[in-house]
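# Understanding the architecture of this molecule
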Protein chains: 2
Amino acid sequence: MNFLNQLKEITKKNNSLLCVGLDSDLEKTPAHLMSSTHPLFEFNKNIIDQTHDLVCAYKIQIAFYSACGKEEDLVLTVDYIHKNYPTVPVVLDAKRGDIGNTAECYVKEAFKRYKADALTVNPYMGFDSLQPFLDQKDKGIIILCRTSNPGAKDLQNLKIAGKPLYQHVATKAAKEWNKNNNVLLVVGATYPKELAEIRAITGDMVFLVPGIGAQGGDVEAAVKNGVDTAGGGLIINSSRGIIYASKEKDYASVARKMAEQTRDQINQYRHAAVS
Amino acid sequence: MNFLNQLKEITKKNNSLLCVGLDSDLEKTPAHLMSSTHPLFEFNKNIIDQTHDLVCAYKIQIAFYSACGKEEDLVLTVDYIHKNYPTVPVVLDAKRGDIGNTAECYVKEAFKRYKADALTVNPYMGFDSLQPFLDQKDKGIIILCRTSNPGAKDLQNLKIAGKPLYQHVATKAAKEWNKNNNVLLVVGATYPKELAEIRAITGDMVFLVPGIGAQGGDVEAAVKNGVDTAGGGLIINSSRGIIYASKEKDYASVARKMAEQTRDQINQYRHAAVS
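Report on the accompanying structure.

### Focus: the interface of chain B and chain A
Across the contact, 40 residues belong to chain B and 40 residues belong to chain A. Listed by contribution, the elements that provide at least two residues to the side of chain B that touches chain A are α3 (62-66), α5 (100-113), α6 (127-134), α7 (153-156), β6 (159-160) and α8 (165-175) of chain B. Among the elements that take part in the side of chain B that touches chain A, α5(B) stands out by supplying six residues, more than any other.

Set out below in structure tokens:
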């Protein structure tokens, strides 16, 4: 099944727009897991077992694994999700982008080696740098549009013919780059006004929304400005706010509480937005 | 010694602006090396032994190693260069870019794990996404500006207040982001007019120039439009055109011939440009 259909089904089944971000940091791993050969995988496994019925996806930030040479933990984590909770898709957050033969290598990295269901990519190098990713019809290709960090404005808000760059990216993504109906956009929760503008441009395209939780984005404003006409169309990510809500042995059960609370908070505004 | 000083010395010593790109592809590795545990490293080692006195740097495209899980080959390659040819710096071509704590992970990946001397980064997410890289004072931080691929124009040539986006990136890089004097730019050889415009904006900043060789960029035009006032300021990369000039057992000695020829061709135009 392709990523977007899988997402639609799990969103309904788990009644959730919440994505838990497995930005699992070796330096923050609880002491009792550090003797394992695969401490990041053991950490993730417990989080996944506790949250799989509350999420619409998991997002794995590759940088945390490559910083410390824990590629195998990443492989094991995706395998674990696919085997035990096959309805829950996995987004690899790698923000890749490069030309032809190099982009083909990144396609292999994300989809053959790590078996991700979706991947974040950077549009700065233009269409031909995105094409090898977009050609993967069953995968979700999530293009950076308006990111959640303060510096995002440096380039993304520069105005071209009266409209900021991120709106041009949204327009290209919706009208030119989405031939295979597999494009999504990254739009930060920290700028809800921009979320509404991009929603107006792209119709019912799905957005990956970082920036709630540790980054301080307002959940209510993000949901109200971001949902599509059916009250969905969002993958709202929280990483540190959930997985490191406790740094003790009880971290996975605390993560469950935080995930449940965040999912319910999102749903409250989501239902208000379309009622 | 910091990257830019090291680059200046080796450029002089080897009389070379040529960078050999170790885009070493498992699928193109000669058969006699495939029984090795580290076939990409063995491949690279022979290329390096044959070309170290002809280059100003090596550039390693990380995607080729991560596509097939050969991170260890990358580590061994950088170690080999640092131990045997310590005057030749290593550029890791990874085009990373992400926010705060994730960018810190990419800093660790590039400079602690792989011990690169310089790294390519993507500016789309703005200054705060670049800062953790720019804080590495001794490293070269090479920001994508005008890339060598046809699709580069999709975003990079959009006009803001009459000037294309890539010129805004060049201006920010030169005037705002270069507090530690460690910024370089990626400017493709395939658009020599743009090379001249960016040279005019940035003074004597060093450019990493991809696009000659397999990508078809015109060496003469790139050198004449790109050199700084002293006839340097360029790291001109060729990857496939050198390392796969032969796909047989003689690949390393053929690579040497191609490297020598390319270096000399560059020097011919370089000396003409400042004479």
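Next, the rest of the story.
### Considering the nonpolar core
Of all hydrophobic cores here, the largest spans 178 residues; its most connected members are A:Ile143, A:Leu185, B:Ile143 and B:Leu185. Beyond its immediate chain neighbours, meaning those up to four positions away, B:Ile143 contacts B:Val121, B:Pro123, B:Leu130, B:Val169, B:Ala173, B:Val183, B:Leu185 and B:Val186.

### Observations concerning the relation of the copies chain B and chain A
If you rotate chain B by 180 degrees and push it 0.0 Å along the axis, it lands on chain A with an RMSD of 0.0 Å. In the structure described here, the two chain copies are related by an operation that fits a two-fold rotation axis. For chain B, the smallest separation between a C-alpha atom and the rotation axis is recorded for B:Ile160, amounting to 2.5 Å. When the interface residues of chain B are mapped onto chain A, 100% of them are again interface residues, pointing to one common binding face.

### Focus: the sheet that holds strand β10 (residues 234-238) of chain A
Residues and elements named next belong to chain A. Taken together, eight strands build a closed barrel; the order of strands is β1-β2-β3-β4-β5-β8-β9-β10 and the barrel is parallel. Each neighbouring strand pair of the sheet contributes to a mean axis angle of 30 degrees, computed without reference to strand direction. Judged from the two bridges that link them, strand β8 (residues 183-187) and strand β9 (residues 207-209) form a sheet pairing that is parallel. Residue pairing for β9: Leu 185 is matched across the bridge by Phe 207. Sheet contacts for helix α9 (residues 192-202): β5 (140-146) and β8; angle to β8, the most-contacted strand, approximately 165 degrees.

### Remarks on the sheet that holds strand β1 (residues 18-21) of chain B
Residues and elements named next belong to chain B. Taken in spatial order, the eight strands close into a barrel running β1-β2-β3-β4-β5-β8-β9-β10, and their pairing is parallel. Geometrically, the sheet is characterised by an average inter-axis angle of 30 degrees between neighbouring strands, direction not taken into account. Relative to strand β4 (residues 118-121), strand β3 (residues 90-96) runs parallel, the two being bridged by three bridges. By the bridge assignment for β4, Arg 96 is matched with Val 121. With respect to the sheet, α8 is in contact with β5 (140-146) and β8 (183-187), its orientation differing from that of β5 by roughly 155 degrees.

### Digging into helix α1 (residues 3-13) of chain B
All names here are of chain B. When we look at burial in α1, the residues that qualify are Phe 3, Leu 4, Gln 6, Leu 7, Ile 10 and Thr 11. One side of α1 holds all its buried residues, which, seen down the axis, span an arc of 155 degrees. Relative to its buried face, α1 has exposed residues pointing more than 90 degrees away, namely Asn 5, Lys 12 and Lys 13. In the core, the buried residues of α1 are packed alongside β2 (57-61), β4 and β5. Note on α1: the residue one or two positions beyond its end, Asn 15, has a positive phi of about 45 degrees.

Conventions used here
- Residues numbered from 1 in each chain as written.
- Chains lettered and ligands numbered in written order.
- Predicted model: local features only at pLDDT ≥ 70, side-chain atom pairs only at ≥ 80, totals over all residues.
- Contact = placed C-beta atoms within 7 Å.
- Helix = DSSP H or I, 4+ residues; strand = E, 2+ residues; numbered from the N terminus.
- Core = buried A, V, L, I, M, F, W, Y, C linked by C-beta atoms within 7 Å.
- Buried ≥ 20, exposed ≤ 12 C-beta atoms within 10 Å, placed from the backbone.
- Least-squares fit on C-alpha atoms with pLDDT ≥ 70 in both.
- Pairing = 2+ DSSP bridges.
- Axes fitted to C-alpha atoms, helices over the stretch in contact; angles between N-to-C directions.
- Arc of directions from axis to C-beta.

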